[in-house]
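The primary structure of each chain is shown beneath.
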Amino acid sequence: MRDAALVRPARRGFAALAVLAVLALAGFASVRSILPPAAAPVSAPASEFSAERAFQTVQAIATTPHPAGSAANDRVRDYLVQTLTGLGLSPQVQDTVSVQGGELSASAGGTGLARVRNVVTVIPGKASTERIFLVAHYDSAQTGPGGNDDAAGVATILETARALTKSDQLVNDVVLVLTDAEEACLCGAEAFVKQNDLARDGGIAINLEARGSSGPAIMFETSEKNARLVEAYSHAPYPVGTSFAVEIYRLLPNDTDFTAFREAGFAGLNSAYIDGAAVYHAPTDLPSAMDRDSLQHHGANALALTRTLGNTANIGQATAGGDATYFPAFGQLVRYPGALIWVLAGLALLAVAALAWLARRTGRLTGKRLALAGLLTLAPIVVAPVLAQVFWTVLTLIRPEYGALPIDPYRPGLYRIAVIAIAAAVVLCWFALLRRKLGAAALAVAGLAWLAGLGLVLAAVTPGGAYLATLPALAGAITGLIALRVRAWLGTAVITLGGLVATAILLPTVVMLFPALGMGMAGAGAFLTVLLLLALLPVIDLVHPSAEPVQGLPALRARRQGTLATLVASLTAVVCTAAGLAVDRFDTTHPALTQLMYALDADTGQAEWLSTEASTQKWTSQYVAGDPKPVATTLPAFGAEELRVGPAQAATLPAPLVTKESETTAANGDRVLTLRLKPQRTVRFTTLHVAAATQVTTLTVAGVQIPADKSAGGGWGTGFIFHAPPAEGVQVVVTIHGAGPVKVRAMDAGDNLTEMPGFHARPAGVGILGSHSSEMVAVAKTYEL
């Protein structure tokens, strides 16, 4: 039974070459099908989406950072209003105060609020039964101009609106919602869904985002009961999305404007391109960094989806039904009802069991060898991801600057290939070592059994991702059963067909997963690569050189030949790593990223440098040192967050002013204090926290009541963070139970770090980390009322 295989063609060399060629072409086609289309020129027909036309908007609004409340953001808003008016629409500015949106958007030290000014307009339909909402945020982070995040989404909506106004009127209304203060607290989206009359009856929201500068526009999140929405999306020209991404996104600490819409009961879809994430929120997020092919992908799909939904009568029925499982394959979006998840998982398990029985009956394996192969298959499943994580750890030791990057290096492609090669080397080495002792058939069936078992686990835990294991296992088992019953040449073709299914399903997911999770989670990419290779074991047996001595081939040479595939994969990993280190160097346009802040305690006149860096970078080490420590005592807005600190020279900066406008007594005897919190300089946000010893019963900020039972730590209790405060300040009404003086801690934050005494300009090749606290200058003061 030595080296027993599911199929063994007579002309093995020719068959191996043919199989390799077919799988290589399939792999290329499957990856190419998820890549963005070429950007359409300015001369494209008026009714179509043109990335080059949309890019003109990107260039107009992403020239400088424009966080909520800034003069630069005012200019962007004026441009949007003017452009929409020029399209014959009637934009309105929703100017209001809103509390934070989403479960994860709150600052650690209190409730977030903001003054927001959303730009909203309607493209009316002929006989609207419900509305479609196109959503993107026009503010940027304070550290970057937002060339991609989210000028891409805004430009997509404006170009889509232009195309819609130049073509036949849709049945349903299309509402354009350009939100403010997304970066601060998702407050713009929250204000729209809670306060705007257009949102009262709900509808379908299409949110457009970007978390990088390139890559396919992936539909990565949906509302519940998405089957018919996914059906509509599948008719887009370039549908790229996977129900597995929805499951992954739910596990990550992320929110977008779509969160506010989804939690308010809207149906909808969320799309973004996410590769090239080193520019995320950074000064390098410039229009020039954008891959306009990604913008074309965003826009072509958004326009087509809007037209599909916009011409669907009684669109409310389009959100009926359950969730769908879906994934891209050769340019199509394959989908099936969620009700089939367990059915297919069960069929895969039965098919693998049938394959094991037939392989045993035909003498390809024994129960003992199959059991041992099943046990040993755990080795590559565990070892490959572990080695991938070790690989990234070694890279960060070689190049410590990688540890400060938000998600990925600037040029991660070669490193990703290295991770895939590492996983391949592990599987091929494992296969070569065990093939002679256990037989190729036992290893192949064991690999499919692990996939089928994993499919059952995923069906229970992350149903939208079960297809990744279930379908390759089912295809591999069915083709294996057929191969055992037909002639060798036909069996080879059938086995190859099973490999094609696995490649079409798993390879695009591997490609999409790397930018989604980043090199810091390289083990996830290695794990999926192992799953793909386990599904391909019947094919690998066809093409893998045998270590068996045969006539004319000495034993030593045969063993060397058997290690050839492992050596090639290992050499690929080494070469790609070396090339990656040579190619991905830091320079002026691809700087190493650093994070630094400055804080002045107006009570003591002392100042400190602060940093969130997990591992202190060389440039930052001149300002901060030691282990991170809590800072809530002086900066309660940071809550339980720990920062690295260092002494700084005190600057002359005015503290935020807190004045008591009135004090009354409630019917129950509680004191009602009306305060005004007013920054004395240009700031991005201001905060106020009440001493923890004070019992606060209610807290109202700018007319909005917020929770009064949160604690910031460091001796401070309930508080808030108010973004984009108006020039006249913010009115605060706090109801207190008990007598005695009341202590409050006020803080505000600007972004003029480079003006602080003792600051030294960053050298060439050193840049600013795209963080909501980077370059922050905070001033805090305690008041006793």
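The following refers to the structure shown.

Within the protein chain one finds 21 helices and 24 strands. The C-alpha atoms of the protein chain give a radius of gyration of 29 Å, which matches the 28 Å a tight globule of 785 residues would have. Expressed as lengths along the three principal axes of its C-alpha atoms, the size of the protein chain is roughly 100 × 65 × 55 Å. By residue count, 59% of the 785 residues in the protein chain fall in the buried class. For the protein chain, long-range pairs separated by at least 24 residues make up 80% of all intrachain contacts whose partners lie at least 6 apart in sequence. If you sum the accessible surface of the protein chain, you get close to 30000 Å²; carbon and sulfur atoms cover 59% of it. Averaging the positions of the 55 positive and the 56 negative side-chain charges in the protein chain gives two centres separated by 14 Å.

Let's shift gears to unusual backbone geometry. Negative phi is the rule for most residues except glycine; trans is the rule for most peptide bonds. Of note, the amide linkage connecting Asp149 to Asp150 takes the cis form, showing an omega dihedral of 5 degrees. Positionally, Asp150 belongs in the loop between strand E3 (131-137) and helix H4 (151-165). Backbone geometry at Ala724 places phi at a positive 55 degrees, although glycine is not the residue there. Topologically, Ala724 is positioned in the loop between strand E20 (716-723) and strand E21 (730-737). Overall, Ala724 belongs to the buried group, its relative accessible area being 5%. For Glu775, which is not a glycine, the phi torsion comes out positive at approximately 65 degrees. Looking at the element boundaries, Glu775 is found in the loop between strand E23 (766-768) and strand E24 (777-784). A relative accessible area of 8% means that Glu775 is categorised as buried.

Scanning the model with the defined rule gives two cavities of 30 Å³ or more in all. Estimated volume of the largest cavity: approximately 70 Å³. Lining the largest cavity are Ile206, Leu208, Ala217, Tyr233, Ser271, His297, His298, Asn301, Ala302 and Leu305. Broken down by secondary-structure element, the contributors of at least two residues to the lining of the largest cavity are strand E5 (204-210) and helix H10 (292-310).

For the rest of this paragraph, the subject is the packing of aromatic side chains. Between two aromatic rings, the relevant description is the distance of the centres plus the angle of the planes. Taken as a whole, this structure holds 17 aromatic pairs when the rule is applied. Taken together, a centroid distance of 5.9 Å and an interplanar angle of 70 degrees make the contact between Phe133 and Phe192 edge-to-face. Placement of the pair is Phe133 in strand E3 and Phe192 in helix H6 (residues 187-195), with a sequence separation of 59 residues. Each of the two residues, Phe133 as well as Phe192, counts as buried.

Extensive coverage of strand E6 (residues 214-222) is indicated by the burial of nine of its nine residues. Of the strand pairs in this sheet, E6 and strand E7 (residues 267-275) are connected by six bridges, and their pairing is antiparallel. In the strand pairing of E7, Ile218 is matched with Ala272.

With that settled, the discussion passes to the sheet that holds E21. Judged by pairing direction, the sheet is antiparallel, and its five strands sit side by side in the order E15-E16-E21-E18-E19 without closing on themselves. The sheet is open, and its two borders are formed by strand E15 (657-665) and strand E19 (704-706), each paired with just one other strand. Adjacent strand axes in the sheet meet at a mean angle of 25 degrees when their direction is disregarded. In this structure, strand E18 (residues 695-701) lies alongside E21, joined through six bridges in antiparallel fashion. Across the sheet, Val696 pairs through a bridge with Ile736, a residue of E21.

Note on placement: Ile540 falls in helix H19 (residues 537-543). Considered as a pair, Ile540 and Ala54 are 486 residues apart in the sequence and their alpha carbons are 46 Å apart. Those residues in contact with Ile540 that lie beyond four places of it in its chain are Leu428, Phe431 and Leu533.

The next point concerns the pairing of E18. As paired elements, E18 and E19 share three bridges and run antiparallel to each other. Bridge pairing in E19 links Leu699 to Ile706. Between E18 and E19, which pair antiparallel and follow one another directly, the connecting turn spans two residues, one of which, Ala702, has a positive phi of 50 degrees.

Inspection of the secondary structure assignment puts Thr64 in the loop between helix H2 (51-61) and helix H3 (71-86). On the basis of relative accessible area, Thr64 is assigned to the partly exposed category, the value being 31%. With 234 residues separating them along the chain, Thr64 and His298 place their C-alpha atoms 23 Å apart.

Counting 100 residues, the largest nonpolar core has Leu6, Phe391, Val419, Trp430, Tyr467 and Leu537 as the members making the most contacts within it. The leading source of residues in this core is helix H14 (residues 413-438), at 15 residues. Beyond its immediate chain neighbours, meaning those up to four positions away, Leu6 contacts Leu355, Ala359, Arg364, Ala441, Ala444, Ala483, Leu484, Ile495 and Pro538. Judged by nonpolar contacts, the second largest core, of 53 residues, contains Ala62, Val174, Ala210 and Ala232.

The subject of this paragraph is H14. In a regular helix each residue adds 1.5 Å, so 26 residues correspond to 38 Å; H14 covers 36 Å between its end C-alpha atoms and thus fits that length. At Ala432, H14 shows its strongest bend, of approximately 25 degrees.

Its place among the elements puts Leu350 in helix H11 (residues 341-361). Each C-alpha atom, one on Leu350 and one on Glu209, is 42 Å from the other, the two residues being 141 residues apart in sequence.

Okay, the pattern of salt bridges next. When the charged atoms of two side chains with opposite charge come close together, those side chains can pair. One pass over the full model with this rule turns up 24 salt bridges. Notably, a salt bridge pairs Asp197 with Arg200, separated by 2.5 Å at the nearest N-O pair. A relative accessible area of 52% means that Asp197 is categorised as exposed. In this structure, Asp275 and Arg416 form a salt bridge, with 2.9 Å as the shortest nitrogen-oxygen distance. Taken together, the positions of Asp275 in strand E7 and Arg416 in helix H14 put the pair 141 residues apart, joining distant regions of the chain. Judged on exposure class, the residue Asp275 and its partner Arg416 are both buried.

A few words now on the state of the cysteines. According to the stated counting rule, one finds one disulfide in the structure shown. For Cys185, the disulfide goes to Cys187, at an S-S distance of 2.0 Å. Taking the sign of the S-S torsion, -130 degrees for the link of Cys185 and Cys187, the bridge is left-handed. There is no split in this pair, since Cys185 and Cys187 are both buried.

Computed from the structure, the second largest pocket encloses a volume of approximately 1200 Å³. Ile420, Ala424, Leu507, Leu532 and Leu533 are, among the 38 residues lining the second largest pocket, the residues nearest its centre. Among the secondary structure elements, those contributing two or more residues to the lining of the second largest pocket are helix H1 (12-32), E6, H14, helix H17 (488-517), helix H18 (522-535), H19 and helix H21 (564-583). Class assignment of the residues belonging to the lining of the second largest pocket gives a composition of 29 nonpolar, seven polar and two charged.

A separate point is the packing of H11 against helix H16 (residues 467-483). Contact pair H11 / H16: the axes reach a minimum separation of 8 Å and the direction vectors enclose 35 degrees. Crossing of H11 against H16: the hand is left-handed. Between H11, through Leu344, Ala345, Leu347, Ala348, Ala351, Val352, Ala354, Leu355 and Leu358, and H16, the contact on the second element is made entirely by Thr470, Leu471, Ala473, Leu474, Gly476, Ala477, Gly480 and Leu481. In terms of residue class, the contact of H11 with H16 is built from 14 nonpolar, three polar and no charged.

What counts, and where the lines are drawn
Residues numbered from 1 in each chain as written. Predicted model: local features only at pLDDT ≥ 70, side-chain atom pairs only at ≥ 80, totals over all residues. Heavy atoms only, no water. Helix = DSSP H or I, 4+ residues; strand = E, 2+ residues; numbered from the N terminus. Rg over C-alpha atoms; globule rule 2.2 N^0.38 Å. Buried < 20%, exposed > 50% of the residue type's maximum accessible area, 1.4 Å probe, protein only. Contact = heavy atoms within 4.5 Å. Areas by Shrake-Rupley, 256 points an atom, 1.4 Å probe, with all protein chains shown as cover. Lys, Arg positive; Asp, Glu negative; His and termini not counted. Charge placed at Lys NZ, Arg CZ, Asp CG, Glu CD. 1 Å grid on protein atoms, 1.4 Å probe; cavity = no way out; pocket = protein on both sides within 12 Å on 5 of 7 lines; lining within 4 Å. Points joined across faces, edges and corners; volume = space filled by probe spheres on them. Phe/Tyr/Trp six-rings, centres within 6.5 Å; stacked < 30°, edge-to-face > 60°. Pairing = 2+ DSSP bridges. Axes fitted to C-alpha atoms, helices over the stretch in contact; angles between N-to-C directions. Core = buried A, V, L, I, M, F, W, Y, C linked by side-chain atoms within 4.5 Å. Expected span 1.5 Å × (residues − 1). Bend = angle between axes of the 7 residues up to and from the residue. Salt bridge = Lys/Arg side-chain N within 4 Å of Asp/Glu carboxyl O. Disulfide = S-S within 2.5 Å. Nonpolar A, V, L, I, M, F, W, Y, C, P; charged D, E, K, R; others polar. Left-handed = near helix turned anticlockwise from the far one by under 90°.

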